[in-house]
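Next come the chains, spelled out residue by residue.
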Amino acid sequence: MNIICTPAGIVGRENPRQGVMDIAAAGFGDILLDLSLYCTCTELENIGKENLNKEKDSLLKISEHPEKMHEIIQPLLAQCKKNGIAMSVAYAPYLMRNTKHINTHEIMTQLSEKSIHTAAQSGCKYIVIRPLFAGIPEKDLWEVNREYYLKLADMAKENDIVILLENQCKDKNGHLIRGVCSNAQEVAAWVDALNKETGDERFGFCLDVGVCSICGQNMYDFILTIGDRLKAVILRDGDGSHESALLPFTCAAQGRSQTDWLNLVRGLRETFFDGQLILNIKDTATAFSPILRPGLLTMAKTVADYFKWQIGMEQVLREYPSRVLFGAGNMCRNYMKCYGEKYPPRYTCDNNRALWGEDFCGLEVRNPECLKDLDKDCAVIICNVYYKEIEAQLRQMNIENPIEYFNDEYMPSFYFDRIKRDAWNGGEG
Amino acid sequence: MKIGVQTQNIVDDTNPSAGFQTLSDIGFSCADFSLNSYLKNTSIYASDLNNFFSQPVSALEHFFAPHKLTATKAGITVNQMHMPYPIYVPKGCSRINEYLQKEVAPKSMEICHYFDCPFIVVHGLKLAYYLGTEQAEWEQTEQFIDTIAPMAKEMNITICIENLYDSVAGHLVEGPCCDAHKAVERIDRINEKYHAEVLGFCFDTGHANLAGIDFEQFITTLGYRLKVLHIHDNDGIDDLHQIPFTFTRTRENKSSTDWDGFIQGLRNIHFDRTLSFETAPVLNAFPGQLKQDALSLILKIGKYFSGAVCMGEGI
């Protein structure tokens with residue numbers, strides 16, 4: 001899984017130096033080539049309108065000079081190169097959800113073609129191109145988009161880049177509801193039909209968590225239906241009503257996040273998602289003082305790593321030929337409920353000597369000393385939140401087996417109750 | 001098309017005649033009998049059950065006899081009713097859940113039958129968080145339906161499942177029965193199993209609006225399986241059960257709920273049943289003096305919908 005940071009709210013268009021440095025310093029190794037920052041939806045909305053702020057608004061308009069797209073991103077490319085930052089995914093310019101334009105096919109095609117070219121030259125493997133929607137009757141959406149995407153497919157093939165469709169919401173007089181590509185079955189059919197016509201896997205899908213959340217959609221069902229067509233996921237938090245891009249877990253109410261991270265993780269984990277994980281924190285980053293941004297980005301990277309860990313949890317379990325657990329509490333119980341059959345542990349161990357020899361969820365509870373007799377390739381899966389302390393305990397015991405952290409915050413299913421014992425007792429028995 | 005509204009906040013147990021007569025005077029011909037008001041969801045979640053449904057069926061029939069009689073006298077047809085919900089509390093004790101499923105549900109069916117009411121709306125179980133998938137959740141709902149479906153067949157009642165919402169820290173998202181294609185498959189399969197139309201669908205406009213569902217597509221997919229409606233409006237954020245066309249989200253002040261899609265969907269499937277409004281909270285919002293005016297407006301909106309659906313007017 002490749003973690004990507006979006007530059008929106010962090011990297012300046014004219015002077016990207018500080019923003020890219022902050023992103024690199026936080027530990028990100030990849031940045032989204034967001035071409036919509038260079039040709040914004042506001043710019044597109046104002047096409048054909050007289051600009052009364054000409055002097056003030058002196059920025060080059062890519063919508064008027066698409067040929068300058070590659071040139072305008074040069075400062076960003078230079079900074080990324082300097083800081084060792086890659087660009088795996090690009091995002092093409094798009095229209096406002098409530099656009100007043102109805103005939104934009106030509107300009108959008110032109111911009112998307114330029115975007116494909118620019119993205120490929122910048123080293124991107126994927127480009128997200130939103131489906132067309134403005135002024136198109138519902139019944140014609142597929143035919144119009146089919147023609148649009150197939151027109152782009154040749155250029156994508158020449159440039160060895162994959163086009164990703166993305167789920168959209170539509171604006172119903174200010175209320176954002178499900179729009180183009182928000183029906184998973186339909187999306188799967190679109191992607192398959194496009195790939196069939198191009199004869200290769202030129203098309204895939206990018207899931208925008210923010211859109212799913214606004215549309216109140218069950219992301220587990222969505223992801224399972226899309227399956228391996230899913231190549232990228234955009235992580236962003238919000239209140240489920242307004243379009244925002246906040247750092248995950250920051251839009252909370254009643255002590256809980258308002259985005260359904262549980263079903264997202266459930267779906268991505270079950271499908272062994274290993275694609276592009278794009279973190280979009282535009283609004284949080286913009287709201288923060290630039291002075292505080294380095295700290296925010298460090299936190300953002302930690303959050304992205306956390307998602308990667310949660311999503312990849314089952315993948316880790318299946319990588320080992322055998323395993324034992326450490327811990328005989330709720331986490332062990334949850335492991336056995338959800339993964340015990342698929343990835344059966346040999347036994348579990350616990351520092352609580354009172355439990356040794358007992359059966360817990362079908363596992364024998366043993367003295368941790370038994371771990372010294374393990375085969376080399378047998379992993380020890382820690383099922384207790386005192387991960388670091390337990391790992392240190394095991395290493396002090398000269399156990400050299402692989403050690404992995406299991407976690408039950410996002411499980412495929414849950415018990416209705418919890419048992420009352422879970423504390424780490426420092427190896428004191 | 002007939003137009004109806006909930007009995008809650010209109011029909012009072014001490015004098016049901018007045019409530020039904022009010023509905024009739026305003027021009028309604030149908031009522032959605034609010035059986036759920038006799039055991040409220042807030043009480044169920046608080047494990048604070050009353051003994052209303054503990055009464056024998058004969059006592060319940062006796063209790064509702066004036067309601068039935070006065071509704072008929074006023075010319076009001078009880079075309080649909082709402083079973084108390086939830087019918088299962090995930091962390092509730094077995095005594096509560098047994099009471100809900102073994103007492104409340106079958107007795108609701110008996111009362112529905114007593115009123116000669118052809119449709120009863122039930123809520124699917126909300127268990128996806130624990131069970132992990134919507135499918136596993138549905139299996140529990142189906143098990144529940146199986147407990148009352150034989151009664152439904154015998155009594156010629158169609159149980160209607162409803163699109164519901166769930167809450168993620170107060171953010172309302174899609175809940176049970178929000179996938180029209182799955183609903184169609186399940187309804188058809190169960191009806192085939194019982195060789196009777198024991199299961200149908202209740203489309204709730206407010207819940208669909210909360211989950212950003214495409215009204216037209218959803219209704220069109222359901223087709224003839226759509227039996228009853230819960231028509232009400234909200235801001236797309238909270239389940240407010242207000243009068244259609246009252247919510248806007250921009251300074252242009254156009255309705256932010258897709259009523260055109262609603263009309264088009266009903267038109268697509270040639271819907272000719274009752275346009276039923278689930279707008280009881282409106283009657284708390286307006287002052288007492290304006291209650292009848294509010295109901296009149298609801299009726300007028302119903303007539304507008306009816307005209308638009310039947311004659312292609314309105315959109």
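Everything quoted here is computed from the prediction, not taken from an experiment. (Residues numbered from 1 in each chain as written. Chains lettered and ligands numbered in written order. Predicted model: local features only at pLDDT ≥ 70, side-chain atom pairs only at ≥ 80, totals over all residues. Heavy atoms only, no water.)

### Examining the overall build of chain A
For clarity, the threshold we go by: What counts as a helix is a DSSP run of H or I of at least four residues, what counts as a strand is a run of E of at least two, and both are numbered from the N terminus. For the radius of gyration, the atoms used are the C-alpha atoms, and the globule rule reads 2.2 Å times the number of residues raised to 0.38. Exposure categories follow from relative accessible area, calculated using a 1.4 Å probe and restricted to protein chains: below 20% of the type maximum is buried, above 50% is exposed, and the middle band is partly exposed. Between two residues, a contact is recorded if the distance between any of their heavy atoms is within 4.5 Å. In these tables, accessible area is a Shrake-Rupley quantity obtained with a 1.4 Å probe, and a residue counts as shielded only by the protein chains included in the view. Under the counting rule used here, the positive set is Lys and Arg, the negative set is Asp and Glu, and His together with the chain ends is not counted. Where a charge lies is defined by one atom per residue type: Lys uses NZ, Arg uses CZ, Asp uses CG and Glu uses CD.
For chain A, the helix and strand inventory stands at 15 helices and 18 strands. Over its C-alpha trace chain A gives a radius of gyration of 24 Å, about what one expects of a compact globule, namely 22 Å for 429 residues. Overall, the C-alpha framework of chain A stretches about 80 × 45 × 45 Å when taken along its three principal axes. Split into buried and exposed, the 429 residues of chain A put 56% on the buried side. Expressed as a percentage of contacts within chain A between residues at least 6 apart in sequence, the contacts between residues at least 24 apart total 74%. Total accessible area on chain A is roughly 18600 Å²; 49% of this is exposed by carbon and sulfur atoms. Looking at chain A, you have 48 positive and 59 negative side-chain charges, and the mean spots of the two groups are 1 Å apart.

### Describing the overall build of chain B
From N to C terminus, chain B includes 12 helices and 10 strands. The C-alpha radius of gyration of chain B comes to 19 Å, within 12% of the 20 Å expected for a compact globule of 315 residues. When its C-alpha atoms are laid out on the principal axes, chain B stretches across 50 × 45 × 40 Å. Expressed as a percentage of the 315 residues in chain B, the buried residues total 57%. Within chain B, counting contacts between residues at least 6 apart in sequence, those at least 24 apart form 77% of the total. One finds the centroid of the 24 positive side-chain charges in chain B at a distance of 2 Å from the centroid of its 38 negative side-chain charges.

### Thoughts on the sheet that holds strand β2 (residues 33-34) of chain A
All names here are of chain A. What counts here: Two strands make a pair as long as DSSP finds a minimum of two bridges between them. Each axis is a line fitted through C-alpha atoms, and for a helix only the stretch in contact is used; angles between axes span 0 to 180 degrees, taken between their N-to-C directions.
As summarised here, the arrangement of the 8 strands in space is β1-β12-β9-β8-β5-β4-β3-β2, forming an open sheet in which the pairing is parallel. Strand pairing shows two members of the sheet lacking a second neighbour, β1 (2-5) and β2, which therefore form its edges. Examined bridge by bridge, β2 and strand β3 (residues 89-91) share 2 bridges and lie parallel to one another. What sits directly across from L33, in β3, is A90. Each of β5 (162-166) and β8 (203-208) is contacted by helix α6 (residues 141-158), which is oriented at about 150 degrees to β5, the strand it contacts most.

### A short note on a nonpolar patch on the surface
For the record, the criterion: Patches here: salt-bridge-free residues with over 30% relative accessible area, like charges joined within 9 Å, nonpolar side chains (Val, Leu, Ile, Met, Phe, Trp, Tyr) joined within 5 Å. The salt bridge criterion pairs a side-chain nitrogen of Lys or Arg with a carboxyl oxygen of Asp or Glu, the two atoms within 4 Å.
Where nonpolar side chains cluster on the molecular surface, the patch consists of F288, I291 and L292 of chain A and spans about 330 Å² of accessible area. Following the sequence through the fold, L292 of chain A ends up in the loop between α11 (282-287) and α12 (293-311).

Purely geometric numbers; function is a separate question.
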